[in-house]
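# Notes for the structure review
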Amino acid sequence: MSHSTDRSAPGAEAPSRRRFLNTAAAASLAGVGLAACTDKSGAGSAPAASAADAHAATGGAANATHLKPGELDTYYGLWSGGHTGDLRVLGMPSGRELLRIPCFVPDALVGWGQTNESKKVMGTRADGSLKYTVGDTHHTHASYKDGNYDGRYAWVNDKINARIARIRLDYFICDKITELPNVQGFHGIFPDKADPVDPKINYTTRVFCGAEFAIPLPNNGKDADKPEAYRSLFTCVDAESMEVRWQVVIDGNCDLVATSYDGKLAATNQYNTEKGVHYPDMMSAERDACVFFNVARIEQAVKDGKFKTYGDSKVPVVDGTRKSNEDPKTALTAYVSVPKNPHGVNASPDAKYFICAGKLSPTATVIELAKVLDWFDGKLDKVDSTIVAEVEIGLGPLHTAFDGRGNAYTTLFLDSQIVKWNVDAAIKFHAGDKSAKYVVDRLDVQYQPGHLNASQSETRMADGKWLAVGCKFSKDRFLPVGPLHAENEQIIDISGEKMVLIADHPVRGEPHDFVIFKRELLRPKQIYEMDFFPHAVKDVKESGVTRNGKKVTVKLASQAPAYTLPEFTVKKGDEVTIILTNHDKVEDLTHGFAIAKYGINFIVNPQETASVTFTADKAGVFWCYCTHFCHALHLEMRSRMIVEA
Ligand code: K7E
Ligand code: CUA
Ligand code: CA
């Protein structure tokens, strides 16, 4: 081991006592745990700095995340909520949570899962109840144009039930959810950034989805003990219609997904090329893979009718298995080998590389996309010749972000660090220049980081200002609140040579991935258009009760501080539909509508219409009231539902 105390950063002063201690600690840890990290390199040369150290090293001239009262953030962040099943909007760099967008699971604040409009998006059973009430969101990405976000949509996955949700970024609402056929453990997701064939389509029209768990195809209870029947599918969803366009059956599994800026390639990392059912089997191979999809060829194969379907699904499934794709000139897929159980795959903002993190291998693998296209053209003998670097960076590498200045930042789960490394230097080192120092800096984070992302990192416009990291364990960072800990989202200034830890933010469990982009890329609307809702009560004079047998419709409008009906009467046993339109046009003037003892509550934003349907199964007087503070007379904003026996 050649860990040196030389920080080697320009302007770094003589090591402080604290730095010396850190170095010693890192060196002894290395002696025990870093057996695989046989340091031949620039890799070991930069021991982790404490935040205070790094701050001192940059002369304390860090970007500030603290905003004065009334100041606005300069970036939006879209954060997955994990198994809360939601998507969150954060202001960055302050880390302030601004909104939770419900999609897969019911939400009590807005009445998601309760209104007819939201139930239609979420999906119901024959009896009208929700098909699913749980979700697990991991990865969120937004639509592109010209290599940058265009502010149309974001998408997020539900790993539990294999659903993809689309978020409209004008109103920050979920407008469509699609369930993927023949898929379990839908994990990675990434929109394309251009069409592979038509250069005029320089924006997102497809979203790719990776299935992590292989299942018997078809999954009908017959082949549970036949490993060869287990398959996982890579799925393409149409960005506009949200219909599933096609799927690819592959060898091994899918995990995270990346797409190229020219639209020609998508890829997913594979940690289970062994097709193991139990984890020791999944760790038996020394190398797994990153499988590339040739999008244009796959769509041609679908057009040519070269596909199968499985079970009830009509979606065309093309054959992407290794055996059927050995000839590069006709191959739909290319399996590039990557060390042991890789995790994230991330596209560099210069559009040249995909980087796979090793997870169980202390390495990052850099794959050059031009070479992958060469292989598909028959110009490259071995598919693994597309690997231009495979370098040791530390223990448990998971995900990589970029600063637009040629540096990559990778989370090291086991080391509880972020490592900053230079991609060109890593390529030189891999090519034989052992003097190339590719590790630029290391920073301890608290603790066990999973995803990280930098401002604009997943666009051509990576700006290298901020890095956020989602730490899976917060341990001692916040006041104890019993056994369940908040997660720790940390903000790091990456504008200088050294990373500087700026702030900790507790977050409700359990975000995974996120994207951070400039606020001017979005133009949110704060008032709905009434025509958006087909059932809107456009004229307050429409307010009233209409009956069709046992089905009763109650139309009403809200205008602070009153509903247009001070009371309405139905009969016990009626199926009641309440349609409420908010006629207030003032920004921020939201009303609620709750019915006592009926378990009903939802809100209507300015000019929004929402409806609920329920059976009036109890006779009596039931107060309806506004739950959302709207006016000095908010408490007086009431109506009565009279249910006649
Ligand atoms: Cu994106 Cu958390 Cu689903 Cu990595 S996964 S850590
Ligand atoms: Cu209307 Cu409160
Ligand atoms: Ca494996």
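Residues numbered from 1 in each chain as written. Chains lettered and ligands numbered in written order. Predicted model: local features only at pLDDT ≥ 70, side-chain atom pairs only at ≥ 80, totals over all residues. Heavy atoms only, no water.

The number of helices and strands found in the protein chain is 7 helices and 40 strands. Against the globule reference of 26 Å for 645 residues, the protein chain gives a C-alpha radius of gyration of 27 Å, in line with a compact fold. Projected onto its principal axes, the C-alpha coordinates of the protein chain cover approximately 85 × 60 × 45 Å. A buried classification covers 57% of the 645 residues belonging to the protein chain. (Helix = DSSP H or I, 4+ residues; strand = E, 2+ residues; numbered from the N terminus. Rg over C-alpha atoms; globule rule 2.2 N^0.38 Å. Buried < 20%, exposed > 50% of the residue type's maximum accessible area, 1.4 Å probe, protein only.)

The strand order across the open sheet built from 4 strands is β4-β5-β6-β7, with neighbouring strands paired in antiparallel fashion. Whereas interior strands pair on both sides, the edge strands pair on one side only; in this sheet they are β4 (140-145) and β7 (173-179). This sheet shows a mean twist of 30 degrees between the axes of neighbouring strands, independent of strand direction. The pairing of β4 with strand β5 (residues 148-158) spans 5 bridges and is classified as antiparallel. Counted as the bridge partner of His141 is Trp155 from β5. (Pairing = 2+ DSSP bridges. Axes fitted to C-alpha atoms, helices over the stretch in contact; angles between N-to-C directions.)

Our next topic: the coordination of the calcium ion (ligand 3). At 2.2 to 2.8 Å from the calcium ion (ligand 3) lie its protein donor atoms, namely Tyr271 (O), Glu274 (OE), Glu274 (OE), Met282 (O), Asp288 (OD), Asp288 (OD) and Asn341 (OD1). Sequence spacing among the residues donating to the calcium ion (ligand 3) works out to Y-x2-E-x7-M-x5-D-x52-N. Separated by 70 residues along the polypeptide, Tyr271 in the loop between β14 (265-270) and α4 (279-282) and Asn341 in the loop between β17 (333-339) and β18 (345-347) bring together distant segments of the chain. The pair formed by Tyr271 and Asn341 is uniform in burial state, with each residue classed as buried. (Donors = N, O, S within 2.8 Å, 3.2 Å for Na, K, Ca; no water.)

This model, assessed by the stated rule, comprises 22 aromatic pairs. Here the aromatic rings of Trp375 and Phe376 are separated by 5.3 Å at their centres, their planes lie at 70 degrees, and the arrangement is edge-to-face. Neither Trp375 nor Phe376 differs from the other in exposure class; each is buried. Centre to centre, the rings of Tyr598 and Phe622 are 5.0 Å apart; their planes meet at 85 degrees, and the pair counts as edge-to-face. Taken together, the residues Tyr598 in the loop between β36 (591-595) and β37 (600-604) and Phe622 in strand β39 (residues 620-625) connect sequence positions 24 residues apart. Of the two residues, Tyr598 and Phe622, both sit in the buried class. Every member of this aromatic cluster is reached through a ring pair, and the members are Tyr76, Tyr144, Tyr149, Phe172, Phe190 and Phe517. Sitting over the face of the ring of Phe429, Lys434 holds its NZ or CZ atom 4.2 Å from the ring centroid. Positioned above the aromatic ring of Tyr598, the side-chain terminus of Lys618 is 4.0 Å from the ring centre. (Phe/Tyr/Trp six-rings, centres within 6.5 Å; stacked < 30°, edge-to-face > 60°. Lys NZ or Arg CZ within 6 Å of the ring centre and 35° of its normal.)

Pairing is antiparallel in the open sheet, where 4 strands are placed in the order β13-β14-β15-β17. Sheet topology places β13 (257-259) and β17 at the edges, where each strand pairs with a single neighbour. In this sheet, adjacent strand axes meet at a mean angle of 25 degrees when their direction is disregarded. With 7 bridges joining them, strand β15 (residues 287-294) and β17 adopt antiparallel strand pairing. Along β17, the bridge assignment pairs Phe293 with Thr333. Against the sheet, helix α5 (residues 295-303) touches β14 and β15, its axis set at about 65 degrees to β15. (Contact = heavy atoms within 4.5 Å.)

In this section: a nonpolar patch on the surface. A surface patch of nonpolar side chains, about 320 Å² in accessible area, is lined by Tyr279, Met283 and Leu360. The class of Tyr279 is exposed, set by a relative accessible area of 62%. (Patch = residues over 30% accessible without salt bridge, like charges linked within 9 Å, V, L, I, M, F, W, Y side chains within 5 Å. Areas by Shrake-Rupley, 256 points an atom, 1.4 Å probe, with all protein chains shown as cover. Salt bridge = Lys/Arg side-chain N within 4 Å of Asp/Glu carboxyl O.)

Attention shifts here to the environment of Asn157. Among the secondary structure elements, Asn157 is positioned in strand β5. Since its relative accessible area comes to 0%, Asn157 is described here as buried. C-alpha of Asn157 to C-alpha of Asp86: the two residues are 71 residues apart in sequence and 10.0 Å apart in space. A polar contact of 2.8 Å, which involves the side chain of Asn157, links it to the backbone nitrogen of His139. A distance of 2.9 Å separates a polar atom in the side chain of Asn157 from the backbone oxygen of Phe186. (Polar contact = N/O pair within 3.5 Å; in protein donor to acceptor, adjacent residues only side chain to side chain.)

This paragraph deals with the nonpolar core. Within the largest apolar cluster, 45 residues are counted, with the highest numbers of intra-cluster contacts made by Cys174, Phe208, Phe234, Trp246 and Val248. In this structure, Val552, Leu565, Phe568 and Met641 belong to the second largest nonpolar core, which totals 28 residues. (Core = buried A, V, L, I, M, F, W, Y, C linked by side-chain atoms within 4.5 Å.)

Residues of helix α7 (residues 423-430) that are buried: Val423, Ala425, Ala426, Ile427 and Phe429. Structurally, α7 contributes buried residues whose contacts are with β19 (353-357), β20 (363-368), β21 (387-392), β23 (407-412) and β24 (417-422). Capping of α7 at its N-terminal end is provided by Asn422; its side-chain oxygen lies 3.1 Å from the backbone amide nitrogen of Asp424. At the C-terminal side of α7, Gly432 shows a positive phi close to 120 degrees.

The immediate surroundings of ligand 1 are formed by His138, His139, His187, Leu256, His343, His399, Gly450, His451, Lys472 and His512. Across the shell around ligand 1, the residue classes tally to 1 nonpolar, 8 polar and 1 charged. (Near = heavy atom within 4 Å. Nonpolar A, V, L, I, M, F, W, Y, C, P; charged D, E, K, R; others polar.)

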